[in-house]
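A look at the structure
What follows is the residue order along each chain.
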Amino acid sequence: MEQTEQAERPPLTAEGYRITVDDGRESFYALSLTEADNDAAWLMSDTVRSLAEMR
């Protein structure tokens, strides 16, 4: 991808969540990536790992 094309794209927004279920007995982390100008451009994953875990 050329730099001119990349510069024209809107920035992505990232948010992290800690989701708790089963009345607080279980929780997990999730990561959301969205493109502000496009409601159809988003990704949410509950497979979030720290860099330390990947070593």
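Quick note: structure is the one above.
Counting restarts for each chain: residues are numbered from 1 in the order of the written sequence. Thresholds applied to this predicted model are a pLDDT of at least 70 for local features of residues and 80 or more for the giving and counting of side-chain atom pairs; totals over whole chains, interfaces and linings are not thresholded and use all residues. Here the side-chain values reflect all heavy atoms present in the structure, with hydrogen atoms and water set aside.

Considerations on unusual backbone geometry
- Of note in the backbone geometry, D22 takes a positive phi value of approximately 55° without being a glycine.
- With respect to the helices and strands, the residue D22 is situated in the loop between strand 1 (12–21) and strand 2 (26–35).
- For D23, which is not glycine, the phi dihedral falls at a positive 55°.
- A run of H or I in DSSP becomes a helix once it reaches four residues, and a run of E becomes a strand once it reaches two; helices and strands are each numbered from the N terminus. Tracing the backbone shows D23 in the loop between strand 1 and strand 2.

Quick word on a nonpolar patch on the surface
- A cluster of nonpolar residues, Y17, W42 and M44, forms a patch on the protein surface that exposes about 350 Å² of accessible area.
- Note on placement: Y17 falls in strand 1.
- The exposure class of Y17 is partly exposed, given its relative accessible area of 34%. Patch membership is restricted to residues that have no salt bridge and whose relative accessible area is over 30%. Joining uses 9 Å for like charges and 5 Å for the nonpolar side chains Val, Leu, Ile, Met, Phe, Trp and Tyr. Working definition of accessibility: Shrake-Rupley area with a 1.4 Å probe, residue cover restricted to the visible protein chains. In what follows, salt bridge is the name for a side-chain nitrogen of Lys or Arg lying within 4 Å of a carboxyl oxygen of Asp or Glu. Exposed residues in this analysis have more than 50% of their type's maximum accessible area, buried residues have under 20%, and partly exposed residues fall in between, with area computed by a 1.4 Å probe over protein chains only.

Thoughts on the sheet that holds strand 3 (residues 42–45)
- For two strands to be treated as a pair, DSSP must find no fewer than two bridges joining them. Read from one edge to the other, the open sheet built from three strands follows the order 1-2-3, with strand pairing classed as antiparallel. In the strand order of this sheet, the two ends are held by strand 1 and strand 3, each with one partner. Shown here is a sheet whose adjacent strand axes are inclined to one another by a mean of 15°, direction ignored.
- Bridge count for strand 1 against strand 2 is ten bridges, and the pairing is antiparallel. Bridge assignment links T20 to a residue of strand 2, and that residue is S27. A fitted line through C-alpha atoms represents every axis, and for helices the fit uses only the stretch in contact; the resulting angles, taken between N-to-C directions, go from 0 to 180 degrees.

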